[in-house]
Amino acid sequence: MNFRKLSIAVLFLTTSGTVLYAQETKKDTAKSEKKIEGVVIQGNSSKKTETAVLVEQKKAIIQKQAVSAEEISRKGISNVEQGLTKVTGITTVEGRGLFVRGLEERYNYLLINGLGSPSNNPFQKIIALKQFPTDVVGKLNIYKTFNSNLYGDFAGATFDIETLTIDKPFTKLNSV
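A brief look at the structure comes next. Computed from a predicted model, the values in this text were never measured in an experiment.

Some words on the nonpolar core
Across soluble globular proteins, nonpolar side chains show a tendency to be buried alongside one another.
Okay, so step 1: Leu-84, Leu-129 and Phe-159 are the most contacted members of the largest nonpolar core, which has 20 residues in total.
Okay, so step 2: For this core, the secondary structure elements donating two or more residues are helix 3 (80–84), strand 5 (97–100), strand 8 (137–143) and strand 9 (158–163).
Okay, so step 3: With three residues, strand 8 is the largest single contributor of residues to this core.
Okay, so step 4: Apart from the residues within four sequence positions on either side, Leu-84 is in contact with Ile-90, Leu-98, Leu-129, Leu-140, Ile-142 and Phe-159.
Okay, so step 5: Within the second largest apolar cluster, five residues are counted, among which are Tyr-109, Leu-111, Tyr-143 and Phe-154.

In structure tokens form, the structure reads like this:
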């Protein structure tokens, strides 16, 4: 790295709107330079906050809606089915499951952490979402349009349940 002292800087504006910048420098001012091998920047972000979900939706190249764990706890939602009904276009009919834009449960698809989930009932396509407590949910993603990352086996919506990730260990084992 070369460090140089700036002695004169001039800004020129031309008639065409172009900005030119000129400067004069002296090369002999930095004699004790140090080399840096590399810089490591570490950080983590919480994807379960409402702000993180909104930023992710804003930057997404696909259409999706999401409900964050923060929003779930703020609204007092106890299971995944209740959480999904807070999204526009999704309703629940007792005994028949979720309806997305008028299409019943057999037109929906369920992913858990991005992987397809089989049903425990041969007469239903997805698991009864009342069984999932919201304590384990980090975020609910709802895809109502097709994209290349999803299975093409839906017409209503694909629900992706992202479970919570454990940041810190909660058990400690010691040898005796």
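The rest of the description comes next.
Re the sheet that holds strand 9
Okay, so step 1: Judged by pairing direction, the sheet is mixed, and its five strands sit side by side in the order 3-8-9-6-7 without closing on themselves. Edge positions in the open sheet fall to strand 3 (65–68) and strand 7 (115–116), since each of these has one partner strand only.
Okay, so step 2: As paired elements, strand 8 and strand 9 share six bridges and run antiparallel to each other. Note that in strand 9 the partner of Val-137 across the bridge is Thr-163.
Okay, so step 3: Contacts from helix 1 (residues 50–59) reach strand 3 and strand 8, with the element oriented near 165° to strand 3.

A closer look at the pairing of strand 9
Okay, so step 1: Relative to strand 9, strand 6 (residues 109–112) is paired through four bridges, and the arrangement is parallel. Note that in strand 9 the partner of Leu-111 across the bridge is Asp-160.

A look at the layout of surface pockets
Okay, so step 1: The volume enclosed by the second largest pocket comes to roughly 180 Å³.
Okay, so step 2: What lines the second largest pocket is a set of 15 residues, among which Glu-81, Gly-97, Gln-124, Ala-128 and Leu-129 lie closest to the centre.
Okay, so step 3: Of all elements in the fold, only strand 4 (90–93) and strand 5 reach the threshold of two or more residues within the lining of the second largest pocket.
Okay, so step 4: Of the residues in the lining of the second largest pocket, the class split is six nonpolar, four polar and five charged.

Criteria and thresholds
- The residue numbering used here restarts from 1 in each chain and proceeds along that chain's sequence as written.
- Where local features are concerned, this predicted model is filtered to residues with pLDDT of at least 70; where side-chain atom pairs are given and counted, the filter is 80 or more; whole-chain, interface and lining totals use all residues.
- Side-chain metrics rest on all non-hydrogen atoms present in the structure, leaving aside hydrogens and water.
- Residue types Ala, Val, Leu, Ile, Met, Phe, Trp, Tyr and Cys, when buried and joined through side-chain atoms within 4.5 Å, form a set referred to as a nonpolar core.
- Each residue gets one of three labels from its accessible area relative to the maximum for its type: buried under 20%, exposed over 50%, partly exposed in between, using a 1.4 Å probe on protein chains only.
- Only runs of H or I of at least four residues qualify as helices and only runs of E of at least two qualify as strands under DSSP, and these elements are numbered from the N terminus.
- In what follows, a contact means two residues having at least one pair of non-hydrogen atoms within 4.5 Å.
- When DSSP locates at least two bridges between a pair of strands, those strands are taken to pair.
- Only the contacting stretch of a helix is used when fitting its axis, a line to C-alpha atoms as for every element, and angles between N-to-C directions run 0 to 180 degrees.
- Put plainly, a pocket is an open set of points on a 1 Å grid over the protein atoms alone with protein on both sides within 12 Å along at least five of seven lines, a cavity is a set where a 1.4 Å probe fits but cannot get out, and a lining residue has an atom within 4 Å of a point.
- Grid points are joined across faces, edges and corners, and a volume is the space filled by probe spheres set on the points.
- Amino acids are sorted into nonpolar (Ala, Val, Leu, Ile, Met, Phe, Trp, Tyr, Cys and Pro), charged (Asp, Glu, Lys and Arg) and polar (every other residue, Gly among them).

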